[in-house]
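Structural overview for review
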Amino acid sequence: MLDVTGFGAVPGRPDLDAAPAVRAALRAAGAAAGPVLLRFPPGDYHLWRDGAQRRELYVSNTVGDDPRHRDKSIALLVEAADDLVIAGEGARLVLHGRQTTFAVVDSRRVRVEGLEFDMAVPTVVDATVVAAGVAAGRAYRVIRVPAATLFSAEGASIRWQGEALGSGAIDWSGRDGLEYTQIHDPAAGRTWRGPNPLFDRVRSLERVGERDIRIDYEHDGEPADLGLVYSMRPTTRDHPGGLVLDSSEVTLSRLRFRFLHGFGVVAQTSRDVAVEECEFRPPPDSGRHSAGFADFLQFSGCSGQVVVRDCLFDGPHDDPINVHGTYLRVTGQPDRRTLELEYPHRETAGFPQFSPGDEVELVDRATLRAVGSATVRSALQPSGRDHDGPLRTLVVTVDAELAEGLAGWTAVENVTRTPSVRIAGNVFRNVPTRGVLVTTRRPVLIEDNRFERTAMAAIYVSCDAQEWWESGPVRDLTIRGNEFLDPGGPAILLDPGTTRCDEGRPVHRGVVVAGNRFTLDGVPALDARSTHGIRLRGNRIVRRGQDTPDVVLRSCSDVRIDQDDAGSET
């Protein structure tokens, strides 16, 4: 058993950078023989970006191969470790500067439990309208920002910024509405994406209190947004918020993520990952409403079993949970056994996709119909850890002859790196997008969750080789015992990204929707396209406001609905 205080970490010392001590403790833990428990005693530990570990890493859905963001700063780095438990009930790790909270890389049987993670100056600005009206013929607002937000008023503009690092550089900065805004209504419990009127036609701007800013306008239209929160941020996902990379049997338990910069916790090309009893929510009574810069959890190219249970997801800037693989576009075919491939999406590149023995499937990009399969013999591909070779292109050799003329119209998925999934007992709140995205051909169980007022579909099953290139089809999906409360789109949406429908060959199959409760206003409980074998039974639908069909089916086959139990009530 090791204790970080034995390596020089001192809780409760904001003036002391704990990063060197934490790094030394993790190094000792990795060198020890046998199982290790590394303990953080209760208290606050401050970790500065200047002292963080740095690694060149390429992560799905972030900044692709952009050379400006190759190196990731990591507060808590676990590398090549086996049988390690990091425990910190009552311990809070406060990050200063943009960093990845933790990374588990090339490791097995790792458990991280009890810790709380936060960022001293979050990269999202939550501005609450605390007063609004018209004075002297001009409209005005007073906005209030959290104590953690740093800003300065400069004429008719406002400058938001991060902390000053040891080098003297400001960690980040931006003006006025930044690059992206979502709006939160605390009274209604809703969050959505929309335009930001705070800085339109500004006449003057001044600081009127420690955290309040008065904005006067050139117009006389009285603002109607008193009490709303405008959450503003940049859009560059330069870090994953957390990372599980090329590892297996990793469990995140009872962690509290108060803010994740960049792109949430990403599990990439890992096996058997569990997230249990974790809380993704800003600190209570802090004036903050955003706990994440983008998604909360992303599972990309994983295998084995993915489990997310008994968690609270409150205040992301994108989807709380997304489980997917990655389609690669076929760009060339030197011979019948060789494929030239590329990462087409700008946010994903630079990491390997294949190992010898992996099974791959080729699909028609327009219909997502399978047109061939084979086993990988060898692959020339990026390493994910350096930029010595091409980062967007791959060459794969397979064990069987493929059809000719595959370039351009087909894509490849590694079907070996697809997990089974269980998402159970979670709560989703204040979500501007969907609650759960899942595309995997192995069994998926989504049960006993509560989805509260998601701005779009609560559960979204896509699969596309046109836009996000997130694979693949579902073959065994059960959605049962969940509560869907006032979603902004269809509660359950099965909508593969096809540009041409192949009526005889649906993309998705084997979907059971049973024993769920839906409270809906103007949206269906289920909207499905290109899906075979849908079963609905024992669901209860309560309608409020606008009436609409309970179920919408497009190009679906073999659908069975239990009419006795699936009726609606108003």
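Structure's up top.
Rules of the game
Residues numbered from 1 in each chain as written. Predicted model: local features only at pLDDT ≥ 70, side-chain atom pairs only at ≥ 80, totals over all residues. Heavy atoms only, no water. Helix = DSSP H or I, 4+ residues; strand = E, 2+ residues; numbered from the N terminus. Polar contact = N/O pair within 3.5 Å; in protein donor to acceptor, adjacent residues only side chain to side chain. Contact = heavy atoms within 4.5 Å. Salt bridge = Lys/Arg side-chain N within 4 Å of Asp/Glu carboxyl O. Buried < 20%, exposed > 50% of the residue type's maximum accessible area, 1.4 Å probe, protein only. Phe/Tyr/Trp six-rings, centres within 6.5 Å; stacked < 30°, edge-to-face > 60°. Pairing = 2+ DSSP bridges. Axes fitted to C-alpha atoms, helices over the stretch in contact; angles between N-to-C directions.

What follows concerns the side chain of T338. Here T338 is to be found in strand β32 (residues 338-342). A polar atom in the side chain of T338 sits 2.9 Å from the side chain of D335. When neighbours within four sequence positions are excluded, T338 is seen to be in contact with G332, Q333, V395, V396 and T397.

Summed over all chains, the structure comprises 56 salt bridges. Here R141 makes a salt bridge to D225, at a shortest N to O gap of 3.0 Å. With R141 in strand β12 (residues 138-144) and D225 in the loop between β19 (212-217) and β20 (229-233), this residue pair connects regions lying 84 residues apart in the sequence. Under the relative-accessibility criterion, D225 is labelled buried at 5%.

Per the stated rule, a full pass over the model turns up 14 aromatic pairs. Ring geometry for F40 and Y45: centres 5.4 Å apart, planes at 90°, overall edge-to-face. Classification of F40 as buried rests on a relative accessible area of 1%. Ring centres of F102 and F257 lie 6.4 Å apart, and the angle between their planes is 35°; this geometry places the pair in the tilted category. Taken as a pair, F102 in strand β8 (residues 100-105) and F257 in strand β23 (residues 256-257) lie far apart in primary sequence, 155 residues in all.

Here the focus is the pairing of strand β14 (residues 157-161). When you tally the buried positions in β14, you get 4 out of 5 residues, the bulk of the element. Strand direction decides the pairing type here: strand β13 (residues 150-154) and β14, joined by 5 bridges, are antiparallel. Each residue of the ladder has a partner; that of E154, found in β14, is S157. Hairpin remark: β13 followed by β14, antiparallel, with 2 residues in the connecting loop; positive phi at G155, about 70°. In this structure, β14 lies alongside strand β15 (residues 173-175), joined through 3 bridges in antiparallel fashion. Residue pairing for β15: Q161 is matched across the bridge by S173.

Once that is clear, we can look at the sheet that holds β14. Sheet strands pair by backbone hydrogen bonding; their relative direction is either parallel or antiparallel. Pairing is antiparallel in the open sheet, where 3 strands are placed in the order β13-β14-β15. Here the strands that pair on one side only, and so sit at the sheet edges, are β13 and β15. Across this sheet, the average inter-strand angle for adjacent strands is 20°, counted without regard to direction.

Right, let's talk about the sheet that holds strand β16 (residues 180-185) for a bit. As summarised here, the arrangement of the 7 strands in space is β17-β16-β20-β11-β12-β19-β18, forming an open sheet in which the pairing is antiparallel. Two strands lie at the open edges of the sheet, namely β17 (190-193) and β18 (202-207), each paired on one side alone. On average, adjacent strands in this sheet sit at an angle of 25° to one another, irrespective of strand direction. Sheet topology places β16 next to β17; 4 bridges connect them, and they run antiparallel. Across the sheet, Q182 pairs through a bridge with R193, a residue of β17.

This brings us to the pairing of β32. Successive side chains on a regular strand alternate, one facing one side of the sheet and the next facing the other. With 4 of 5 residues buried, β32 lies mostly within the body of the structure. Hairpin connection from strand β31 (residues 328-335) to β32: 2 residues lie between these consecutive antiparallel strands. With 5 bridges connecting them, β32 and strand β35 (residues 393-398) associate as antiparallel partners. Bridged to L339 within β35 is V396.

Take the environment of R517 next. Topologically, R517 is positioned in strand β48 (residues 517-520). Separated by 22 residues in sequence, R517 and N539 place their C-alpha atoms 5.9 Å apart. Among residues more than four places away in sequence, those in contact with R517 are N482, E483, F484, R540 and V542.

Before going further, it helps to spend a moment on unusual backbone geometry. The omega torsion across S471 and G472 is 5°, close enough to zero to call that bond cis. Counting through the fold element by element, G472 comes out in the loop between β43 (470-471) and β44 (477-480). For D83, which is not glycine, the phi dihedral falls at a positive 55°. Note on placement: D83 falls in strand β6 (residues 82-87). On the accessibility criterion, D83 (27% relative accessible area) is partly exposed. Look at L368: it is not a glycine, yet its phi comes out positive at around 65°. Looking at the element boundaries, L368 is found in the loop between β33 (359-364) and β34 (370-380).

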